[in-house]
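In case you want the letters, here they are:
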Amino acid sequence: VFVFEWSSPSWRTNVCILAQIPFSIGFLYLTLIAYFIRDWRDFQLFIAIPNLLHFVFKYLLPESPRWLASRGRVEEARDSMAFAAKMNKRSVPKNIQISETGCEKTIDEDINIWTLVKEKEMLKRLVILSLNWIVITLSFYGLSLSSARDENLFVNVASMAAVEMPAYILCVL
């Protein structure tokens, strides 16, 4: 979501597709780790420890300007864009206008998880996306199990992971 919000509308689709490449790299990395660490407890510990870095991200990454603006925090949104421009060695254009449209609506309303069920359109989207997620996940899981039938499980899983990277690139082209 973070990458999606920082991308301009014309680049969003491609950026979000390319943002999946680290997952295939992680899949390859996981296969390599599993090859060398055969004890499942050590393996779980080894792959769980790097997740502690996520606690640091809250303090390192700026809030999304889009989210800040939607909450009526326009000055903080400008500061966030200035920080991003500084990190990218760019200057913030002077003519950027941040729209506060809809800010007052989201601040006053009580929006929670039950809003997905109460609103007819949101419920429809929830059901469609949930079914979509189930079908895609089961298809991926089935392909994963089918690809690992030969003698060397590690080579089969690594080859399946390696196929994902060119697939993401081909989606963009």
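Reading the values: the criteria
- Residues numbered from 1 in each chain as written.
- Predicted model: local features only at pLDDT ≥ 70, side-chain atom pairs only at ≥ 80, totals over all residues.
- Heavy atoms only, no water.
- Helix = DSSP H or I, 4+ residues; strand = E, 2+ residues; numbered from the N terminus.
- Expected span 1.5 Å × (residues − 1).
- Buried < 20%, exposed > 50% of the residue type's maximum accessible area, 1.4 Å probe, protein only.
- Arc of directions from axis to C-beta.
- Phe/Tyr/Trp six-rings, centres within 6.5 Å; stacked < 30°, edge-to-face > 60°.
- Lys NZ or Arg CZ within 6 Å of the ring centre and 35° of its normal.

Visitor: Just to check I follow, could you spell out helix 7 (residues 74–87) for this structure?
Guide: With 14 residues, helix 7 should reach 20 Å at 1.5 Å per residue; the first-to-last C-alpha distance of 20 Å fits that figure. For helix 7, the complete set of buried residues consists of Val74, Ala77, Ser80, Ala84 and Ala85. Within helix 7, the buried residues cover an arc of 135 degrees as seen down the axis, which keeps them to one side. In helix 7, the exposed positions that point more than 90 degrees away from the buried face belong to Glu75, Asp79, Lys86 and Met87. Looking one or two residues past helix 7, Lys89 carries a phi angle of roughly 55 degrees, positive in sign.

Visitor: Would you explain the packing of aromatic side chains in this entry?
Guide: What characterises a pair of aromatic rings is the spacing of the ring centres plus the angle enclosed by the ring planes. As enumerated under the stated definition, the model contains 2 aromatic pairs in all. The interplanar angle of 85 degrees and the centroid separation of 5.1 Å between the aromatic rings of Tyr35 and Phe36 together place this pair among those described as edge-to-face. According to the relative accessible area criterion, Tyr35 is partly exposed, its value standing at 41%. A relative accessible area of 61% means that Phe36 is categorised as exposed. Judged by centre distance (5.4 Å) and plane angle (85 degrees), the ring pair of Tyr35 and Phe154 falls under edge-to-face. With Tyr35 in helix 3 (residues 21–36) and Phe154 in helix 11 (residues 153–172), the pair connects residues that are 119 residues apart, well separated along the chain. We classify Phe154 as partly exposed; its relative accessible area is 22%. Between Arg38 and the ring centre of Tyr35, over which it is positioned, the NZ or CZ distance is 5.0 Å.

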